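# Observations on the model geometry
Here's the letter readout for the chains.
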Amino acid sequence: MSFLNARVDTNGSETYDVIIVGGGTAGCVIANRLTENPNVSVLLIEAGEDRNNDPRVTTPGLFPQLLGNPDFDWQYTSVPQSNLNGRTVPIPRGKVLGGSSAINLQALVYPSRATVDTTAELGIEGWDWEVMLPYYQRFQTACSPKNPTPHHKYLDPDLRGKSGPIQSSFPAFIDPLHAAWIDSLSSLGYGINGDPLSGTSIGAYALPCSVTGDTRERSHSGNEYYQKASSRPNLLLLRNTYAKRIVLEIDAAGDYIATGVIVSQSGQDIMMQARQEIILSAGAVSSPQLLELSGIGHATLLRSHGIEVLIDNPNVGENLQDHQSTGLCYEVNDGVETLDRLLRDPTFAQTAVQEYELERTGPLANSPVQALAYLPMDCFSSPMGQKELKHLLDKHISSQETANIPHGITIQHNILRRLLESSTEASAVIIPISMGIYPEVDTVSSGAAIIPTNGSYFTQLSMLSHPFSRGSTHISSSNYETHPHIDPAYLSHPLDIELFARHQQFLEKIASTPPLDSYLKPNGRRLPAGKDAKTIERARDLLRSYGATFHHLCSSCSMMSRANGGVVNERMVVWGTKNLRVCDASIIPMVPRGNIMASVYAWAERGADIIKQDLGLSMHQAH
């Protein structure tokens, strides 16, 4: 295979063996792995800037300065959500080298074996748990806790990654509120029963995050995968460069060949040509947008925007999934330290910055997320509860409903029902945060975090692990600069609000359980003001009034058989093309049970091996 150490020539096109569109979480992984072979030239196109050295990115506790900031975030917003009282929801997505891994809360969360193994039912082979576990290990190097406690006993060193680019670590000391929260869940019967990388764990535990163990800096795809490959002469990064569309030519067999990418750089269009492959790693919003702008999508939609239809696939942009975030905040006792002061007291915040810069300690040295729980539906654990669950499932997953939805969604719903009926599978994830995130006045909320002006709070945020609702994201214009029409369709399936409301009620039970209850002020203030989950009706109202995104958009270019609603096949090749692939969160066909970053890394590592195999390159051995 030939190599061209190309430079941008504004008077003509340049040619590379492989072009990757999107320097985010997945794109940097693939760029790194492909350029391990010095004979393959790779162009990585990123719309954002390289901010690997920006302290707002590198400092774990400064993430609030990234979300909603146009220097780091695409600033997407959903369409009005009819089941969230007509509210629009801000949807942060990383617009920076490293993508969302450079702006998120850094939580490393793993799926269960049972959920990963469902891929075969969707027409996919080669992505089951036995295949994928080595990739979940490959992307990371796990650092042992510096000050181990009983909350770390679940760790199995044999399952943890030992030599991957992403660093996984724990805070030097676990937040006492988080430790008490774990202990309360343990007393309720939900202590962790094994390492999450076993694929079978349930319960609460101390959570590792993508933070370096020694320097206490964010470890993300941009600095760990791209930066460490950036000196290779066969890798070129184009920053601040927008992909406008993929150039496709038809061959004698009627399949489309991707030959290049039209990009816009400093207001000028340039044609970048690919000898072998073009890979979209632009994320769950931008990858389907690029396919539609390039003539691949629902024919009616494309024609309505004056785009020539090359491949009529109405599944592009469909099956969009996300975890809705909703929680409750409890005022803590006087003297209990939380992060609230850090976010509203400039003097205290400056002291914290100085401590971090000098000692790499203090509140800025950690992600605010230090614990997590995988939970089954507690209220359905009794024989009577099982009957109630069956009634709900029978009521809302009817034969009439099945007849009116696509076949692939029916398969997914059947899988979700099976997972819900299992006492060993999580139906929700709960994350504690030692700060308040809702307003002190009961107003219509956008769902965005609003820091309380006084008081100190402990928050429990929950997400429904496997929502039944399915949304979509589609172009709203033929102009690449126009944001797509994003509709997560939160709570659009009636089962979601019934199940999620019951999990909200369980938050109240946790808060009243020792030892956590001893940290919370008796009859203290609650946020959102005037809201609680003490009855099922009030819990439903809370979800509609304050539901937001947990930033886990995926599945909009799903890897499934074409008959089941797929956009790419098991080799990540777009149906109807020969060499156009998608590899990012958009191809994961069903949202994992919790935060998706670890899964995106694993799918990208697996994807890189598949691409190497198909190009005849040497394979990296997963370990």
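Structure's up top.
Residues numbered from 1 in each chain as written. Predicted model: local features only at pLDDT ≥ 70, side-chain atom pairs only at ≥ 80, totals over all residues. Heavy atoms only, no water.

### Focus on the overall build of the protein
Stated precisely, the cut-off is as follows: Each helix corresponds to a stretch of at least 4 residues labelled H or I by DSSP, and each strand to a stretch of at least 2 residues labelled E; elements are numbered beginning at the N terminus. Here the radius of gyration uses the C-alpha set of atoms, whereas the globule reference equals 2.2 Å times the residue count to the power 0.38. Note on exposure labels: buried denotes an accessible area under 20% of the residue type's maximum, exposed denotes more than 50%, and partly exposed covers the range between, all computed with a 1.4 Å probe on protein chains only. Any pair of residues with heavy atoms lying within 4.5 Å of one another is described as a contacting pair. Working convention for charge: Lys and Arg count positive, Asp and Glu count negative, and His plus the chain ends are omitted. To locate a charge, take NZ of a lysine, CZ of an arginine, CG of an aspartate or CD of a glutamate.
Looking only at helices and strands, the protein has 16 helices and 23 strands in total. Compactness check: the protein gives a C-alpha radius of gyration of 23 Å against a globular reference of 25 Å for 623 residues, within 12% of the reference. Overall, the protein is about 70 × 65 × 45 Å in size when its C-alpha atoms are taken along their principal axes. Per-residue burial for the protein yields a buried fraction of 62% across its 623 residues. A separation threshold of at least 6 residues defines the contact pool for the protein, and within that pool the share at least 24 residues apart is 75%. For the protein, the distance from the average position of its 48 positive side-chain charges to the average position of its 63 negative side-chain charges is 2 Å.

### What about the environment of A204?
Topologically, A204 is positioned in strand β7 (residues 203–206). Judged by relative accessible area, A204 falls into the buried class, the value being 3%. With near-sequence residues (within four places) excluded, A204 lies in contact with W181, I182, L185, Y190, G191, I192, L372 and A373.

### Notes on the pattern of salt bridges
This is how the line gets drawn: Just to be clear on terms, a salt bridge is a Lys or Arg side-chain nitrogen sitting within 4 Å of an Asp or Glu carboxyl oxygen.
In the structure shown here, the tally under the stated rule is 33 salt bridges. A salt bridge links D269 to K244; the shortest N-O distance between them is 2.9 Å. Taken together, the residues span a long stretch of sequence, with D269 in strand β11 (residues 268–280) and K244 in strand β9 (residues 241–250) at a distance of 25 residues. Under the relative-accessibility criterion, D269 is labelled partly exposed at 43%. On the accessibility criterion, K244 (23% relative accessible area) is partly exposed. By sharing partners, the salt bridges in this structure join R33, E36, R138, E605, D609 and K612 into a single network.

### What about the nonpolar core?
Using the following cut-off: Here, nonpolar core means buried Ala, Val, Leu, Ile, Met, Phe, Trp, Tyr and Cys residues that are tied together by side-chain atoms lying within 4.5 Å of each other.
With 168 residues, the main nonpolar core has I19, W181, L291 and L580 as its most contacted residues. At 10 residues, helix α16 (residues 597–615) tops the list of elements feeding residues into this core. Contact partners of L580, with chain neighbours within four places excluded, come to I246, L248, A258, I278, L280, L291, I296, M572, V573 and V574. Counting residues in hydrophobic clusters, the runner-up holds seven residues, among them Y76, A284, I486 and L553.

### Concerning the sheet that holds strand β20 (residues 485–487)
Applied cut-off: Two strands are said to pair when DSSP picks up at least two bridges between them. Every axis corresponds to a line fitted to the C-alpha atoms, with the helix fit spanning only the stretch in contact, and the corresponding angles, defined between N-to-C directions, vary from 0 to 180 degrees.
Overall, antiparallel pairing links the three strands, which are arranged β14-β19-β20 in an open sheet. The open sheet terminates on both sides in strands that have one partner only, identified here as β14 (318–320) and β20. Ignoring strand direction, the axes of neighbouring strands in this sheet form an average angle of 35°. Here strand β19 (residues 471–474) runs beside β20; their pairing, made up of three bridges, is antiparallel. Bridge pairing in β20 links T473 to I486. The strands touched by helix α7 (residues 283–293) are β19 and β20; relative to β19, the strand with the most contacts, the crossing angle is about 55°.

### Quick look at unusual backbone geometry
Between P514 and the following residue, P515, the backbone shows a cis peptide bond with an omega angle of 0°. Relative to the helices and strands, P515 resides in the loop between α14 (494–511) and β21 (526–527). With an omega of 0°, the peptide bond running from L527 to P528 counts as cis. With respect to the helices and strands, the residue P528 is situated in the loop between β21 and α15 (536–546). Phi is positive for A489, which is not a glycine, with a value near 55°. Along the chain, A489 turns up in the loop between β20 and α14. Among the residues examined, A489 registers a relative accessible area of 14% and is labelled buried. A positive phi angle, near 70°, is found at H551, a position not held by glycine. One can find H551 in the loop between β22 (548–549) and β23 (580–582). Classification of H551 by relative accessible area gives partly exposed; the value is 28%.

### Points about the state of the cysteines
Rules: Disulfides are defined in this document as cysteine sulfur pairs within 2.5 Å.
Evaluated as defined, the whole model comprises zero disulfides. Of all cysteine sulfurs, the one in C143 lies closest to C209, which takes part in no disulfide; the gap is 12 Å.

### Observations concerning helix α11 (residues 383–396)
Counted only if it meets this: Multiplying 1.5 Å by the helix residue count minus one yields the expected span of that helix. What the arc describes is the spread of directions from the helix axis to the C-beta atoms.
For α11, built from 14 residues, the straight-helix expectation of 20 Å at 1.5 Å per residue is met to within 8% by its first-to-last C-alpha distance of 20 Å. Turning to α11, its buried residues are G385, L389, L392, L393 and H396. The buried residues of α11 occupy an angular sector of 95° when projected down its axis, which confines them to one face. Those residues of α11 that are exposed and aimed more than 90 degrees away from the buried face are P383, M384, K387, H391 and K395.

### Regarding the packing of aromatic side chains
What counts here: Note on ring pairs: Phe, Tyr and Trp rings are taken, using the six-membered ring of Trp, and paired if centres are within 6.5 Å. Classes follow the plane angle, with under 30 degrees stacked, over 60 edge-to-face and the rest tilted. Any Lys NZ or Arg CZ found within 6 Å of a ring centre and within 35 degrees of that ring's normal is scored as a charge over the ring.
One pass over the structure, following the stated rule, counts 12 aromatic pairs. Here W127 and W603 contribute two aromatic rings whose centre-to-centre distance is 4.4 Å and whose plane-to-plane angle is 25°, an arrangement assigned as stacked. Of the two residues, W127 is situated in the loop between α3 (113–116) and α4 (129–138) and W603 in helix α16; the sequence distance between them amounts to 476 residues. One exposure class covers both W127 and W603, and it is buried. Through successive ring pairs, a cluster of aromatic residues spans W74, Y76, Y242 and Y480. The ring of Y374 is capped by R593, whose NZ or CZ atom sits 3.4 Å from the centre of that ring.

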